[in-house]
Amino acid sequence: MTELVHSAYDSHHAPAVPPPRGLARLRAPGYLRAAWTTLLFWAFGFGLVAFFRWLAHYDPVVDWTIVTVVAFLTLAPLGFLTGIGAFDYWAYYVSGRPTRPEDHSSHGATSWKDYFRVNTDHKVIGVQYLVTTFFFFVIGGLMAMIFRAELAKPDLQFVDTQTFNGLISEHAALMIFLFIIPAFAGLANFAVPLMLGAPDMAFPRLNALSFWLLPIAGLMFLAAFLVPGGAFATGWTSYAPLASDQPLGQVFFNMGVQWAGASSIMTALNFLVTIITMRAPGMTFWRMPLLVWANFTTSLLVVIATPFIAGSQFFVMFDRIMHTNFFRVDEGGYALGYQHIFWFYSHPAVYIMMLPGFGIISEVIAVFSRKPIFGYRLMALSLMGILVLGFSVWAHHMFVAGMAPWLRVPMMVTSMIIAVPTGIKIFSWLATMWEGRIHLRTPMLFALGFLSMFVLGGLSGIFLASVPIDIAASDTYFIVAHIHYVLFGGSVFTIFAGVYYWFPKMTGRMYNERLGKLHFWLTFIGFNGTFFPMHWVGLQGMPRRVSDYSEQFGNWNMVVSLFSFLLGASTIIFFYNVIQSWHRGPIAPGNPWRALTLEWQVSSPPPVFNFDEIPQVVAGPYEYGIPGARHAVLNGGHAPVVADAVHEEARR
């Protein structure tokens, strides 16, 4: 295996092939070919719709709703993927042509241009994920600034009600489907193969394809603003039958979810196969870092649950363009069926957005507390417990929806029981820090911020799991506060912790610690100032998803809006720090945090194929303070240099 890795590495650094010229450029994979293949596929989709409607004597022959779905939202993206080369290797293979040798020309990055093409290196793909998701994070955040400006005072100031609903819906969809879920996938794409001692993901080309589906989904969401009637305005839940009678922008949501969901499923399958089959010698399941455990359970959740939201969105779209009656009550449909299908995915999706963060926090707290993880095996088993219990609680979102009353109490019980494995993790993290040598670097600050904010979000979740309290608080700003304490305080804080933690490994540069800490404190203050008052105004009766409200809530909404602007401004510091440090920050050592997991035992950034030799795992990943302990043996059988520094600090 070592010889193969060296051979691949050498072939990657072979003299570059001259770029194609003339007509050959039109046939070579890239954006130029993507331009004409996208147009070609669109024209084929348009002709397909027109031909079959003409054949069936439908009037009109050109129905732009159907053309939008088939030509714009299905075949044109496939044309783009074909043009950039996402299918080239597979097309060559299935055509029956002779197998061509792998020259690794699409693997690794030697310049910034390599990040804008189809690349099979998991480290490059991880960076592509993160840059793309933070782009949509900014767009979604700007939408939040607009509607918070609208809500700063009663009455309508800047946008009409339909535009307001569109901004709310787009903000939520972008943050969930285009930021939180794929940002975790990006961090895991970079770190998990390194942690396992693997040279790459199990299916590198599938990994590349799964990334390129994301910008397609995001552009679909944003393009909804450009069609007649404006963006989809039904919230990220897109409840039927309301969604069946919305303007054309609604189908952009229906199809955007399909593309984002397909990306998630491809990534999850890749992680599962990689974790099961590509662990380094000695890397048993009970020696895997908790981030790997977290992504293993998350991937199982994604594979099992995501087809349900895909089905729900297909059914809504079929009701609209094929005149089926899945959810139209007046035609015999079952409207509550949509909610059951949707929430059977979407409550496990909360854990899809949480479990990778749990893994990140476990890595950060162990390293910056200089202690082994307390109750490692119970921490791993609690992840599996959340995986199982996550499918038993979906109907607590429907206590006021008119579902069968006998279902309420069992769902209330399971919703409270699922707090047990989560509580195990909270107490394990606290026990890990107890009497540890805590280093309050930026990743650790965000980890501590996550702990405090997620506990608050969990406590309000216990209240909402209780049927009478949920009935009183449903569809108020109390729900908005709860979900943001869980998803911003729980997920976004952990994403920031992960970005700062692996930034030196990704870029080979150190970030500015002062700016990192300033970013944390402004985020922490802005976040609490924005969302904590929402508990109060929600219990006082202010409904969510409204563009206007009673004057009695005016003062609190002004406070919330001002703090939301502070929260938005805090991200400017983050982007300045990242861009400036990536460009000219101090050169990072291979292991600036003196961690024991495998990704820190190679250079920063890592070699093209991760390891120059196969690592031999000999112990667990968190043996801090244990003299002579090491996680893996590298460098011809010698322990990593970091071990001596760690043990010396422990003795001091």
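Since the structure is predicted, the reported quantities are computational estimates derived from the model, not experimental observations.

**Comments concerning the packing of aromatic side chains**
Tallied over the entire structure, the rule returns 73 aromatic pairs. Aromatic side chains Phe 80 and Trp 212 sit 6.3 Å apart centroid to centroid with 55° between the ring planes, which places their arrangement in the tilted category. You can see Phe 80 sitting in helix α4 (residues 64-84) and its partner Trp 212 sitting in helix α8 (residues 204-223), a full 132 residues away along the chain. Of the residues examined, Phe 80 reaches a relative accessible area of 21% and is grouped as partly exposed. Ring geometry for Phe 177 against Phe 221: centres 6.4 Å apart, planes inclined by 40°, an arrangement best described as tilted. Taken together, the residues span a long stretch of sequence, with Phe 177 in helix α7 (residues 161-196) and Phe 221 in helix α8 at a distance of 44 residues. Accessibility assignment for this pair places Phe 177 and Phe 221 in one class, buried. Its guanidinium or amino end placed over the ring of Tyr 89, Arg 205 lies 3.5 Å from that ring's centre, counting from NZ or CZ.

**Observations regarding the environment of Gly 249**
In this fold, Gly 249 is placed in helix α9 (residues 249-277). Residue Gly 249 is classed as buried on the basis of its relative accessible area of 0%. In contact with Gly 249, other than residues within four places in its own chain, are Ala 224, Val 227, Gly 230 and Phe 232.

**A word on the packing of helix α16 (residues 442-465) against helix α19 (residues 513-539)**
Relative orientation of the contacting elements α16 and α19 amounts to 10°, with a least axis distance of 9 Å. One element, α16, and the other, α19, form an angle in the roughly parallel class. Here Thr 442, Leu 445, Phe 446, Gly 449, Ser 452, Met 453 and Ser 460 of α16 lie close against α19, whose contacting residues are Glu 513, Gly 516, Lys 517, His 519, Phe 520, Trp 521, Phe 524, Phe 527, Asn 528 and His 535. Counted by class, the contact of α16 with α19 contains 7 nonpolar, 8 polar and 2 charged residues.

**Things to note about the side chain of Ser 428**
Structurally, the position occupied by Ser 428 is in helix α15 (residues 419-433). Note on Ser 428: relative accessible area 5%, which makes it buried. Not counting the four nearest positions on each side in its chain, Ser 428 is found in contact with Phe 374 and Met 379.

**Description of the confidence of the model for the chain**
The predicted model of the chain averages 90 in pLDDT, with 94% of residues at 70 or higher. pLDDT under 50 marks residues 1-16. Its contacts with residues more than four places away, or in other chains, come to 22 contacts. When the criterion is pLDDT under 50, residues 639-652 qualifies, and its contacts beyond four places in sequence or with other chains add up to 24 contacts.

**Some details on the nonpolar core**
If you look at the biggest cluster of nonpolar residues, it comprises 188 residues, and the most contacted ones within it are Phe 177 and Trp 502. Among the elements that make up this core, the one with the highest residue count is α7 (23 residues). With sequence-adjacent residues up to four places away left out, Phe 177 is seen in contact with Pro 182, Leu 214, Phe 221, Trp 236, Phe 253, Val 257, Ala 260, Ile 309 and Tyr 345.

How each quantity is defined
Residues numbered from 1 in each chain as written. Predicted model: local features only at pLDDT ≥ 70, side-chain atom pairs only at ≥ 80, totals over all residues. Heavy atoms only, no water. Phe/Tyr/Trp six-rings, centres within 6.5 Å; stacked < 30°, edge-to-face > 60°. Helix = DSSP H or I, 4+ residues; strand = E, 2+ residues; numbered from the N terminus. Buried < 20%, exposed > 50% of the residue type's maximum accessible area, 1.4 Å probe, protein only. Lys NZ or Arg CZ within 6 Å of the ring centre and 35° of its normal. Contact = heavy atoms within 4.5 Å. Axes fitted to C-alpha atoms, helices over the stretch in contact; angles between N-to-C directions. Parallel < 35°, antiparallel > 145°, perpendicular 65-115°, else oblique. Nonpolar A, V, L, I, M, F, W, Y, C, P; charged D, E, K, R; others polar. pLDDT = per-residue confidence, 0-100. Core = buried A, V, L, I, M, F, W, Y, C linked by side-chain atoms within 4.5 Å.

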